[in-house]
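Notes for the structure review
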Amino acid sequence: MSSLLSRYATPLTTGLFLVSLVSGIALFFHLGTAAFHGMHEWLSMVLVAPFLLHVWKNWRPFLAYFKRLPMALALGLSLAAGLAFAWPSLTGNAGASANPTVAMVSIIAAGTPSEVAPLLEKTDAEVVAALKEGGFTAADAATPLSEIATASGKNTMALMATLAAMKAK
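Residues numbered from 1 in each chain as written. Predicted model: local features only at pLDDT ≥ 70, side-chain atom pairs only at ≥ 80, totals over all residues. Heavy atoms only, no water.

Observations regarding the packing of aromatic side chains
Counted by the stated rule, this structure contains three aromatic pairs. An aromatic cluster of at least three residues, connected via ring pairs, comprises Trp59, Phe62 and Phe66. Sitting over the face of the ring of Tyr65, Arg68 holds its NZ or CZ atom 5.4 Å from the ring centroid. Directly above the aromatic system of Phe136 lies the positively charged group of Lys154, at a separation of 5.2 Å from the ring centroid. (Phe/Tyr/Trp six-rings, centres within 6.5 Å; stacked < 30°, edge-to-face > 60°. Lys NZ or Arg CZ within 6 Å of the ring centre and 35° of its normal.)

Encoded structure:
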């Protein structure tokens, strides 16, 4: 490994870890979510490269950890904690722990333009017209929104964006 990479692997790992730490804590407490969400995701992905360089640089000492019980315990506990959080989603039993935004989109998408129109303070005809103008050719007042999106060759989130834009007007 070049001396440049060798010199910067650990400092970059440390710096990017600190950014990930601060943004992760902010996201946990729902502080500045708009500012921290993209930063946390992207810079955590960038952190992978210096982490791998750091492991490469320190490969022999790193391997020594695997000869002792603390590494096995730490990896086992980390795996168990990760599975505990992922299990509801993996098994389809997310229930109340599911993202409420996604749950509400599903509820609204099951409704028809006639049922959703009052939420938008519009008439059924205005909602259907806006959907057709947005490229949802299968729009009619009695068909569920998710079916309109599918029949129009688009996804439900694009339909929701069209409705949100309509509400903003």
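Some details on the side chain of Thr143
Here Thr143 is to be found in the loop between helix 7 (124-133) and helix 8 (145-151). Polar contacts involving the side chain of Thr143 include one to the side chain of Asp140, which spans 2.7 Å. Each residue touching Thr143, except ones within four places of it in the same chain, is listed here: Gly111, Thr112, Pro113 and Ile148. (Helix = DSSP H or I, 4+ residues; strand = E, 2+ residues; numbered from the N terminus. Polar contact = N/O pair within 3.5 Å; in protein donor to acceptor, adjacent residues only side chain to side chain. Contact = heavy atoms within 4.5 Å.)

A word on a nonpolar patch on the surface
There is a patch of nonpolar side chains on the surface, built from Phe17, Leu18, Leu21, Val22, Ile25, Phe28, Phe29 and Leu31 and spanning about 820 Å² of accessible area. Among the structural elements, Leu21 can be located in helix 1 (residues 3-28). (Patch = residues over 30% accessible without salt bridge, like charges linked within 9 Å, V, L, I, M, F, W, Y side chains within 5 Å. Areas by Shrake-Rupley, 256 points an atom, 1.4 Å probe, with all protein chains shown as cover. Salt bridge = Lys/Arg side-chain N within 4 Å of Asp/Glu carboxyl O.)

Focus on unusual backbone geometry
The backbone of His30 sits at a positive phi, close to 55°, despite the residue not being glycine. One can find His30 in the loop between helix 1 and helix 2 (33-57). Not every positive phi belongs to a glycine, and Glu121 is a case in point at roughly 60°. Here Glu121 shows up in the loop between helix 6 (113-120) and helix 7. Glu121 sits in the exposed class, given a relative accessible area of 65%. (Buried < 20%, exposed > 50% of the residue type's maximum accessible area, 1.4 Å probe, protein only.)

Looking at the environment of Gly135
Within the secondary structure, Gly135 is located in the loop between helix 7 and helix 8. For the pair Gly135 and Leu159, spaced 24 residues apart in sequence, the C-alpha separation works out to 9.1 Å. Apart from the residues lying within four places of it in its own chain, the contact partners of Gly135 are Ser152 and Lys154.

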